[in-house]
Amino acid sequence: MAIARETVEQVASVSDKYKYGFISDIEADTAPIGLSEDIVRFISAKKEEPEWLLEWRLKAYRYWLTMEEPEWANVHYPKIDFQDIYYYSAPKQKDKLKSLDEVDPELLEVYKKLGIPLKEQEVLAGVEGAYNVAVDAVFDSVSVATTFKARLEKEGVIFCPISEAVRDHPDLVKEYMGSVVPYTDNYYAALNSAVFTDGSFCYIPKGVRCPMELSTYFRINAAQTGQFERTLIIAEDESYVSYLEGCTAPMRDENQLHAAVVELIIKKDAEIKYSTVQNWYPGDENGVGGIYNFVTKRAACRGENAKVSWTQVETGSAITWKYPSCILQGDNSVGEFYSIAIANNMQQADTGTKMIHLGKNTSSTIISKGISAGKAQNTYRGLVRMGRKAENARNHTVCDSLLIGDKCGAHTVPYIENQSRTATIEHEATTSKVSEEQLFYCQQRGLSEEESMALIVNGFCKEVLQKLPMEFAVEAQKLVGISLEGSVG
Amino acid sequence: MLEIKNLHATVGGKEILKGINLTIKAGEVHAVMGPNGAGKSTLSYVLAGRDGYEVTSGEVLYKGENLLDLSPDERAAKGIFLAFQYPVEIPGVASATFLKTAYNAQRKARGEPEVDAMEFLKLIRVKTKELGIKDDMLKRAVNVGFSGGEKKRNEVLQMSLLEPDLMLLDETDSGLDIDALKIAAEGVNRLRSPERAALVITHYQRLLDYIVPDFVHVLADGKIVKSGDKSLAHELEEKGYAALSAA
Ligand SMILES: Nc1ncnc2c1ncn2[C@@H]1O[C@H](COP(=O)(O)OP(=O)(O)OP(=O)(O)O)[C@@H](O)[C@H]1O
Ligand SMILES: [Mg+2]
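Given the structure is predicted, the values throughout are model-derived calculations rather than measurements. (Residues numbered from 1 in each chain as written. Chains lettered and ligands numbered in written order. Predicted model: local features only at pLDDT ≥ 70, side-chain atom pairs only at ≥ 80, totals over all residues. Heavy atoms only, no water.)

This brings us to the site of ligand 1. All names here are of chain B. Contacts to ligand 1 come from 14 residues, most closely from Gly37, Lys40, Ser41, Thr42 and His203. For ligand 1, the protein covers 64% of the area, taking 640 Å² as the surface of the free molecule. Looking at which element gives the most residues to the shell around ligand 1, the answer is helix H1 (residues 40-48), with 3 residues. Of the residues in the shell around ligand 1, the class split is 4 nonpolar, 7 polar and 3 charged. (Near = heavy atom within 4 Å. Areas by Shrake-Rupley, 256 points an atom, 1.4 Å probe, with all protein chains shown as cover. Helix = DSSP H or I, 4+ residues; strand = E, 2+ residues; numbered from the N terminus. Nonpolar A, V, L, I, M, F, W, Y, C, P; charged D, E, K, R; others polar.)

Structure (structure tokens):
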């Protein structure tokens, strides 16, 4: 088939297309390479943490030592040498920052290149392209700036780097951190708990609708550095927050590890919308370099009518391994998972979700759109579990795969465990190809081959793109196009 | 405007066009008729540049330029439009989005400024009205769930918007009811001008009552076996193609 041949031929050009692949020359404060109890202590000391947190980290580290690296996912990579990674790297700064004006201008320049609206002034001045979004930017291992703090504080919303939360709101952190993803949960969660360096903390008090989108941008910059951030969001009764997360990394020919943990706690009548656009460097067309993205994300709907929705657009990373999950404990609670996962060239993605129904009348919706191009492998892996007490619980899953060319693969692995006699579980799956006919039709109307592909794929992803906040949806659409460049002739 | 000289083309390794000669001047409408499988659609695909339709010999000049060197989208931007015999479904892409993307892509290729959403909406409203198409069709995904006739009307809508110089209509009449046929034909006639030309593929003389051709050709087994004026269409309708090959 002509497209397939051209796909293979054209794949070579894609590495020029990663526009976030610049490396910033910023002086960094870095821990010695490798991992040991001393490194854990080093990180904790750098962060001036209380004793209880150091103890928790050490327990996690010791537990991690007893664990085996998991191998069940449909991904293949050489064994990671955990002693060959830097676990702490912070841009050097003279003193503690008091306001945005003191942020290293070079760093601000980096964020500008990434299109992050870091400068509060710009946002407030309504500068074109600036979003009405509060941003916490995480650069390697530290949070650099959090915008819009004052306005949020007025509403009682806490949005700050997690290390700051440890210092200023220790009770909240102590109560909730590890309560959804304990350090014993899995290999990478244990590792993260031992060495996590930063991430965001959000607390939405009872009855508050967060007045703006909250957002965190993660960027890995330093070489051979792992990024282990931890995000913790707590939505009290009747509160609401929409949270966005964006990720990029420079092009490097080595693999870099990103092992994050995200915990969401949703109480009675509260809702969290969590959206991710993940565009870590995917490696080159031969599979050299790129980010290993091994992430544990989990939400606990702890009260009645609690609602969580995960929306993700995963276009980057050499390997993606993540299953944002929902524990639907409260009666009538709702879990949603909307996902677009694109794998091109040599990328491997094994992603999906887990919906654990415990309460009565809980319901969950899963819409997964997997796109494979080049020689990529894309696996959807999803678990739906209906507990004994999950009376009248419902799940509806739609899992669509789209193939571009004939050297890639799409796999669907649903796990269903039902202990409830009254639960209903529906699963639909389709696999389709972008047809030569569709491409020709678009081209005949004047679209280039790449524009045609982008249009067709965006159409395929539409239901999920619609779930993203407006500004993000536009970005995501472009990203879908960019990440498939070179997949057609 | 279009000169086809001794055109041979293969599809899937099989020769389908076996030496087509046809010249279409600006302002002219040519009808092509012929039995099923004769190669009519193949001819339209070759002219539009579809992948897999390989020209093995011959030449096609469009506005004096070698057409066969151009990609399908370049041909589109230069004014070639093909109304498909079987319009293609594009799930999830709203017709309005599709039309606007196509319209702007062509403008961009010609170095003209792109139009914004508001301007475009104004433009398309005029066209939908002319063709009696309901606006809600613009919100639906391209051709998805459209009835046979709706698909054909949608092709005419796209053509009216893009205002091509060379219209290739492949059985646009099939599937249209009598009223729709008239409206679609009016759409085509509205575009007729001394600068434009059309190649109209059809099985039925009826269409040619509305879109009156200057020439009628019979394509059989990959060749044009007979050409004439519009009376040829009537003759074919009466006697069929069998009489023609017997003659
Ligand atoms: N991919 C292919 N491989 C082999 N033969 C093909 C292929 N595509 C088309 N053909 C053949 O080419 C011939 C011409 O087809 P074409 O669609 O051009 O006919 P047509 O004149 O448009 O017919 P109709 O009036 O039925 O629309 C047919 O015999 C068809 O089977
Ligand atoms: Mg045909």
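This next bit is on the sheet that holds strand S3 (residues 29-33) of chain B. All names here are of chain B. Spatial ordering of the open sheet is given by S6-S9-S10-S3-S11-S12, a layout of 6 strands whose pairing is mixed. Strands with a single pairing partner mark the edges of an open sheet, and in this sheet they are strand S6 (80-83) and strand S12 (223-228). Each strand axis lies, on average, 20° off the axis of its neighbour in the sheet, ignoring direction. When strand S11 (residues 215-220) meets S12, the two strands line up antiparallel, connected through 5 bridges. Opposite alanine 220, over in S12, you have lysine 223 as the bridge partner. (Pairing = 2+ DSSP bridges. Axes fitted to C-alpha atoms, helices over the stretch in contact; angles between N-to-C directions.)

Take the sheet that holds strand S2 (residues 14-24) of chain B next. All names here are of chain B. In space, the 4 strands of this open sheet follow the order S2-S1-S4-S5, with antiparallel pairing throughout. Since the sheet does not close on itself, it has two edges, and those belong to S2 and strand S5 (65-66), each with one partner. With 8 bridges connecting them, strand S1 (residues 2-11) and strand S4 (residues 53-62) associate as antiparallel partners. Considered in S4, the bridge of isoleucine 4 is made with valine 60. Sheet strands in contact with H1 are S1, S2 and S4, and its direction is about 110° off that of S1. (Contact = heavy atoms within 4.5 Å.)

What follows is about the environment of glutamate 195 of chain B. All names here are of chain B. Here glutamate 195 lies in the loop between helix H7 (178-191) and strand S10 (197-201). Its relative accessible area of 54% is what places glutamate 195 among the exposed residues. Apart from the residues lying within four places of it in its own chain, the contact partners of glutamate 195 are Met1, Ala26, Gly27 and Asp165. (Buried < 20%, exposed > 50% of the residue type's maximum accessible area, 1.4 Å probe, protein only.)

Attention now moves to the side chain of threonine 296 of chain A. Here threonine 296 of chain A lies in strand S13 (residues 290-301). Excluding residues that lie within four positions of it along the chain, threonine 296 of chain A makes contacts with Val181, Asp185, Asn186, Ala189, Ala260, Val261 and Val262 of chain A.

Residue and element names in this part refer to chain A. Of all 10 residues making up strand S19 (residues 363-372), 9 are buried, and the element is well covered by its neighbours. Bridge count for S19 against strand S21 (residues 394-403) is 10 bridges, and the pairing is parallel. Directly across from isoleucine 367, in S21, lies its bridge partner valine 398.

Here we come to the coordination of the magnesium ion (ligand 2). Residue and element names in this part refer to chain B. Protein-derived coordination of the magnesium ion (ligand 2) comes from Ser41 (OG) and Gln85 (OE1), at a distance range of 2.0 to 2.1 Å. Note that serine 41 is positioned in helix H1 and glutamine 85 in the loop between S6 and strand S7 (90-94), a separation of 44 residues in sequence. Glutamine 85 carries the same exposure label as serine 41, and that label is buried. (Donors = N, O, S within 2.8 Å, 3.2 Å for Na, K, Ca; no water.)

What follows deals with helix H3 (residues 51-65) of chain A. Residues and elements named next belong to chain A. The end-to-end C-alpha distance of H3 is 21 Å, a good match for the 21 Å that 15 residues give at a rise of 1.5 Å each. Taken residue by residue, H3 has Leu53, Leu54, Trp56, Arg57, Leu58, Ala60, Tyr61 and Trp64 as its buried positions. Elements that come into contact with the buried residues of H3 comprise helix H2 (37-46), helix H7 (162-168), helix H9 (187-195) and strand S8 (230-235). (Expected span 1.5 Å × (residues − 1).)

Let us look at the interface of chain A and chain B. Each partner contributes residues to the interface: chain A has 20 residues there, and chain B has 32 residues. Summing the contributions of chain A and of chain B, the shared interface buries around 2,200 Å²; its carbon and sulfur component is 62%. Summed over the three residues of chain A that lose the most area to chain B, namely Phe440, Tyr441 and Arg445 of chain A, the buried surface amounts to 36% of that side. Taking the shortest distance from any N to any O, the salt bridge between arginine 445 of chain A and glutamate 155 of chain B comes out at 2.6 Å. On the surface where chain A and chain B come into contact, there are 11 residue pairs in polar contact (both at pLDDT 80 or more). Secondary-structure elements contributing two or more residues to the side of chain A that touches chain B are helix H1 (2-10), helix H10 (436-444) and helix H11 (449-460) of chain A. Top element by residues in the side of chain A that touches chain B is H10 of chain A. It accounts for 8 residues. Looking at the side of chain A that touches chain B residue by residue, the classes come out as 8 nonpolar, 6 polar and 6 charged. (Buried area = accessible area lost by both parts, 1.4 Å probe. Salt bridge = Lys/Arg side-chain N within 4 Å of Asp/Glu carboxyl O. Polar contact = N/O pair within 3.5 Å; in protein donor to acceptor, adjacent residues only side chain to side chain.)

Another aspect to go through is the nonpolar core. Within the largest apolar cluster, 67 residues are counted, with the highest numbers of intra-cluster contacts made by Ile371 and Val457 of chain A together with Leu2, Ile4 and Leu47 of chain B. Residues contacting leucine 47 of chain B, with those up to four places away along its chain left out, are Leu2, Ile4, Val60, Leu67, Arg75, Ile80, Leu168 and Leu199 of chain B. With 56 residues, the next largest nonpolar core counts Ala31, Tyr183, Phe294 and Ala318 of chain A among its residues. (Core = buried A, V, L, I, M, F, W, Y, C linked by side-chain atoms within 4.5 Å.)

Residues and elements named next belong to chain A. Its identity is not glycine, yet glutamate 48 carries a phi of approximately 50°, on the positive side. Note on placement: glutamate 48 falls in the loop between H2 and H3. In this structure, aspartate 269 takes a positive phi of about 55° despite not being glycine.

Simply put, the disulfide is a covalent bond whose two ends are the sulfur atoms of two cysteines. In total, this model carries 0 disulfides over all chains according to the counting rule given. Take cysteine 160 of chain A: it sits in no disulfide, and the sulfur closest to it among the cysteines is that of cysteine 202 of chain A, at 8.2 Å. (Disulfide = S-S within 2.5 Å.)

Let us now look at the pairing of strand S17 (residues 334-343) of chain A. Residue and element names in this part refer to chain A. Counting buried residues in S17 gives 9 out of 10 residues, a clear majority hidden from the surface. Taken together, the 8 bridges between strand S14 (residues 307-314) and S17 define a ladder with parallel strand orientation. Each residue of the ladder has a partner; that of glutamate 314, found in S17, is alanine 341. Relative to S19, S17 runs parallel, the two sharing 10 bridges. If you follow glutamate 336 over to S19, its bridge partner there is threonine 365.

That's the geometry; what it means functionally is another story.
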